[in-house]
Every structure is written in C-alpha cells, then in structure tokens.
Amino acid sequence: GGTEPGGTEPGGTEPGGTEPGGTEPGGTEPGGTEPGGTEPGGTEPGGTEPGGTEPGGTEPGGTEPGGTEPGGTEPGGTEPPEPTDPTEPGDDLCESNEECERSEYCLFFADNPCGEGGGQGQCVVRPEGCEDIYEPVCGCDGMTYGNACEAASAGMNVASEGRCEADLETCGDSADCERNEYCAYGEDNICGEDGDGVCLTRPGSCPRIVDPHCGCDGRTYTNACLAHQAGVDVVGPGECPQDRCRDNEECARHEYCWYDPLANACGEAADEAGTCRDRSDCEPITIIVCGCDGQDYGSPCDAAAAGVNVVSFGPCAVEPPPEGCRENRDCGRLEYCFFDPAENACGQAEEPGTCMPTTEICLPVIDPVCGCDGRTWNNDCEAASRGVNILHAGPCEGVPTGCLTSQDCARSEYCVFPDSDVCGDEGTRGRCIARPFGCLPVDEPVCGCDGRTYGNECAAATVGVDVREAGACDGGGTPDACRSNDDCASRLDFCRFDIEDRCGVQGAGVCEERPSICQPVFDPVCGCDNRTYSNACAAFSAGVSVQHLGVCRGGGIPGPSPR
C-alpha cells in the first residue's frame, strides 16, 4: 500500500503517516492514505506500516487520520479502554456484548437503554462486586435483578426500575411487599376495593409540587409521588375528607380517634366527634402527661403511639389511701403528706396525715418557719412547695440538721446516710441530695434501706431509697417480687423487670416506684408493651419495663400490660 500512487502524496511516504505532513489535506482522507489504505483491516502492504498491525489499529479509531488516535500507534492503545461517560459516544462503540472484552459489556446510551433498532453503546468494565442492597431493576432480557449493579455484573442493561412485569407480586396491601415497594391498585381498583394490587418500587425522589392527593390511608399528601414514597397508593386527586370518629375502632390501624384536649378532652362532649389522626402525629416534647385511660405517659408522643388522648399535662391524680398518708410517697406526684403542726407536727403522733397539693407560686414574704427537715424556710408556702411540713413557726433553733428519712427532704431529694451508720440505724442523721432523673438499665442488684431489692443503686435513688448493701436482699428472695403491675401494692409502683428477665418470661420482677420526672433526652428504648419510649425513664414512668435498647422493630416479647 505504501507504493500505491496515493502513497507519494505529501505525508503519505512518511512512516505510518505520523509526521506533521500526515495532517496535510491528503492525510484527512479516510485512513490517512490513498484508496489502498482504506482496505478493511489494513491488509494492503501499507498495513505493515507502524500502527497498521497494532492491536488497536483494527479498532474503529485505528483508521482515523494518521493512525494517531487512541488505540492507533500510541503505546496505550494496547491497554483495555477506560470506562467513559456512557451518555457520550466514545471510541469503544458497540452494538452487543460480543463486541467487547469478556470483562466488559455493552452499555447502551440513555436515549435507547436496551439498544433497540441497532442502537449503539460503549464497552465498559463489569463490576466485580455489588452491595447487598435490594433495589430491583428490570433487565433488557426481561429478568429482574436485585439492583442495577447486579445487572451490570451479569452484562445486562437496565430497562426500568422495579421488578419486571412478569415478576410483579400481587398484594393485598403494602405489608405484603418489600420494604422499598408499595401496593399499587390502579385506576379501576381504587385502594384494592375490587381485588389485589401489584408491588411497585417506591420512588426515590419526588418533585416539589403542590398537587394534593388523598391516600388510601385517609391522609392527604402534597402529591401522589410523596404518597407512593410513603408506601401508600392514592384514591385520587384532592384532599381527603376529614374522618370523624367516636373511638379508635372507627379509624385505621395506624390511627386513633383524637379529641382536642382544650375543647373536648377525652370526647366527653357527646355532640362533638373526634378526628382520626395518625399515631405518629404528636408534639415532640418530653413531659409526663395524663392519658384519658388514667395512665401516665412519658410524653404526648408516647400517649399517641398507644392511641390514647391526653387529658392534661403532668401526672394523673392519685387517690390517697383511705386511711390517710404516712409519707409523701403515699400521695400523688403533685401532692405531699400534710401534718397539722399544732396537733401532729411532722407526723410524730399516731394520726395519719392528709394528701395536699404542693403550692406552685409563693409570695416573697419573710415569715420564717422551721421545717421538719431541720431547715428554716422564708414562709410556710415555700416549705409546702417543696413538700416539707412545718415543725413550728419561727426559725429553727437547736434543731439538729440533716435528715432521718427521705420525708425530711424535698420531693426532688432523698436522705443518704454515712457509711459509718448504714441506713441511719444508730440514729445518725443523713443529708439530703438530689434524686437522679433516670438510670441506665444496668443489672447490679442492691438491697435498699426499705428492705426491697432494686436493679441498681441509681434505681433505688430515683425512688428516694438509700442502699443498705450490694446484692439482693436476704430473706427468701425479693420481698416485693411481682409478675405484673397488679402485684404491686401502690399505684405509684410498677413491676420492673431487668432486660435479662425478658419482660417476665425468664424471671420475676420487683415493685419499684415510678419516676415522676424524666430528663428530656432522646435515647429510645423498646418497652415490654412493644411500644417505643423516648428513654428508659419515660418507660418506667408509664409503668413499663424495658425489653431492649433502641426502637421497637415489630414482633417482640409480649410483656405484662401496665396497670
């Protein structure tokens, strides 16, 4: 070919046409040579010039002007081609996998993902390993792959996201589908009224447009895509009509019949119906509330998750024992055991006291009184606000400081005795220190000064009890062993199981006082009622033991119902 007439053109006689002359007009003809140089595969004599026999020289790029394009005479042309952007045509064009190396496949361009009608793609390297993520795609071969990477590893292009139509599974609702799918019913079968639907992949992202659609769950979504993303098919465009109800039975499983606590607390007004509301729709605050079922909950969200309306903030009122009270723990959380200072100062007589509400606001009046805790208070209201009874009017004089019991301390404190006189058995006075707000579920039993076994020292401190010794109390086991909250003598107590007890399946619990105040910390735990609480303290406050740390995942251990 080098001796063909065209070979005498400028640049044509230079070796391989790689000299600058290769760019002369003659060099721009196909192949960079005269007609002999255009024979397939460069089989003419001229094909023996440098680059004519190189592996890359037979590629489409090898016939570019002068053979200087990648894959021509350059040394790098012997290496496997690097993957490039499949949306832009490159040099390794292909129409099928057979035109690529065994370690590659033909990835078609985005405008024709399956290369139909002779479409072209580009040879790219097949991935050798894929993450174990189930995001099904339908391959151009009509088969469903676990994700796009698995399809590419098999050398297959992706026709569409989601499972292939032949592999679609029927469903009654979204619970029958994979976690990344939802049950779609179609326009002729709204919400599955006339039969089953099919599982489709939930969209990964949705447009930011306002086009309200009513979901099959009775909730209004900003647009249909967001409903599908939440795993819900739609009834149609437009907002859902408000669902009125009288009780939870008239709402969907994930809803409860909500009443406005200010206008119609607990639905007491017979002429006012409630509204079905999702149980996850709540105020994200951590404060004890009283439910319409008479139970305390760690937060409004805990009450909503149980499908219970809130009657008031703060703990529920507790009926005092009919015989009266002996100490503050016999009364409600916002009450204290009051003793008349004139007839029964500090409860020294045999007569029981009376549960009275603790005051919340006191005037700044200086009228000193001596409290039963041995401290001088500015006035009797200030003492009552801390749950302290009055020993006598006027400042304390000659009254021993310190405490003999937790009754002598403020409600948020308890009496701790020195190691030299455990539990104050010898009459030594202790000191009042703050009770902890919450405790970790650590199994380190201790015996309290009240003769009861507690899960750990912190658990005893939360109910105002000092520790007598490490380990469980002696005397034939735990004095207050229980199987449910009904086994506990006081409504202020609950049956607490350690995590190892598996909510009472593998051991008895211990009656402990429910904490009255919890820190606003989000450290979720799963309760033995299979509900998620914001922290362990919130669960204990609701009278529920902790099944395990973290949110509930469904199933779980059926524990005793709180009382």
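Residues numbered from 1 in each chain as written. Predicted model: local features only at pLDDT ≥ 70, side-chain atom pairs only at ≥ 80, totals over all residues. Heavy atoms only, no water.

Asks: How would you explain the overall build of the protein chain if you had to name every residue and give the values?
Replies: A count of helical and extended segments in the protein chain gives six helices and 34 strands. Looking at the protein chain residue by residue over its 563 residues, the buried ones come to 39%. Relative to all contacts within the protein chain whose residues are 6 or more apart in sequence, the contacts with residues 24 or more apart total 43%. Of the roughly 30300 Å² of accessible surface on the protein chain, a fraction of 50% belongs to carbon and sulfur atoms. (Helix = DSSP H or I, 4+ residues; strand = E, 2+ residues; numbered from the N terminus. Buried < 20%, exposed > 50% of the residue type's maximum accessible area, 1.4 Å probe, protein only. Contact = heavy atoms within 4.5 Å. Areas by Shrake-Rupley, 256 points an atom, 1.4 Å probe, with all protein chains shown as cover.)

Asks: So, the packing of aromatic side chains: which residues are in play, and what are the values?
Replies: Applying the stated rule across the entire model yields two aromatic pairs. Note on Tyr-336 and Phe-338: the rings are 6.4 Å apart at their centroids and 80° apart in plane angle, and the pair reads as edge-to-face. You can call Tyr-336 buried: its relative accessible area is 6%. Residue classification places Phe-338 among the partly exposed positions, given a relative accessible area of 29%. (Phe/Tyr/Trp six-rings, centres within 6.5 Å; stacked < 30°, edge-to-face > 60°.)

Asks: Residue-level account of the nonpolar core, with values.
Replies: If you look at the biggest cluster of nonpolar residues, it comprises 12 residues: Phe-494, Cys-503, Val-525, Cys-528, Tyr-533, Ala-536, Ala-538, Ala-539, Phe-540, Ala-542, Val-544 and Val-546. If you tally residues by element for this core, the top one is helix H6 (residues 536-541), at four residues. Residue contacts for Ala-539: discarding those within four places in its chain leaves Val-525, Tyr-533, Val-544 and Val-546. In terms of nonpolar packing, the next biggest core, distinct from the first, is built from seven residues, Ala-459, Ala-460, Val-463 and Val-467 among them. (Core = buried A, V, L, I, M, F, W, Y, C linked by side-chain atoms within 4.5 Å.)

Asks: Lay out the sheet that holds strand E12 (residues 234-237) in plain terms, naming residues and giving numbers.
Replies: What the three strands build is an open sheet, ordered E11-E10-E12; its pairing is antiparallel. Every interior strand has two partners, whereas the edge strands, strand E11 (220-221) and E12, have only one. (Pairing = 2+ DSSP bridges.)

Asks: Outline a negative patch on the surface, supporting the account with residue identities and numerical values.
Replies: Where like charges cluster on the molecular surface, the negative patch consists of Glu-187, Asp-188, Glu-193 and Asp-194. Mapped onto the elements, Asp-188 comes out in the loop between strand E8 (181-184) and strand E9 (197-201). (Patch = residues over 30% accessible without salt bridge, like charges linked within 9 Å, V, L, I, M, F, W, Y side chains within 5 Å. Salt bridge = Lys/Arg side-chain N within 4 Å of Asp/Glu carboxyl O. Lys, Arg positive; Asp, Glu negative; His and termini not counted. Charge placed at Lys NZ, Arg CZ, Asp CG, Glu CD.)

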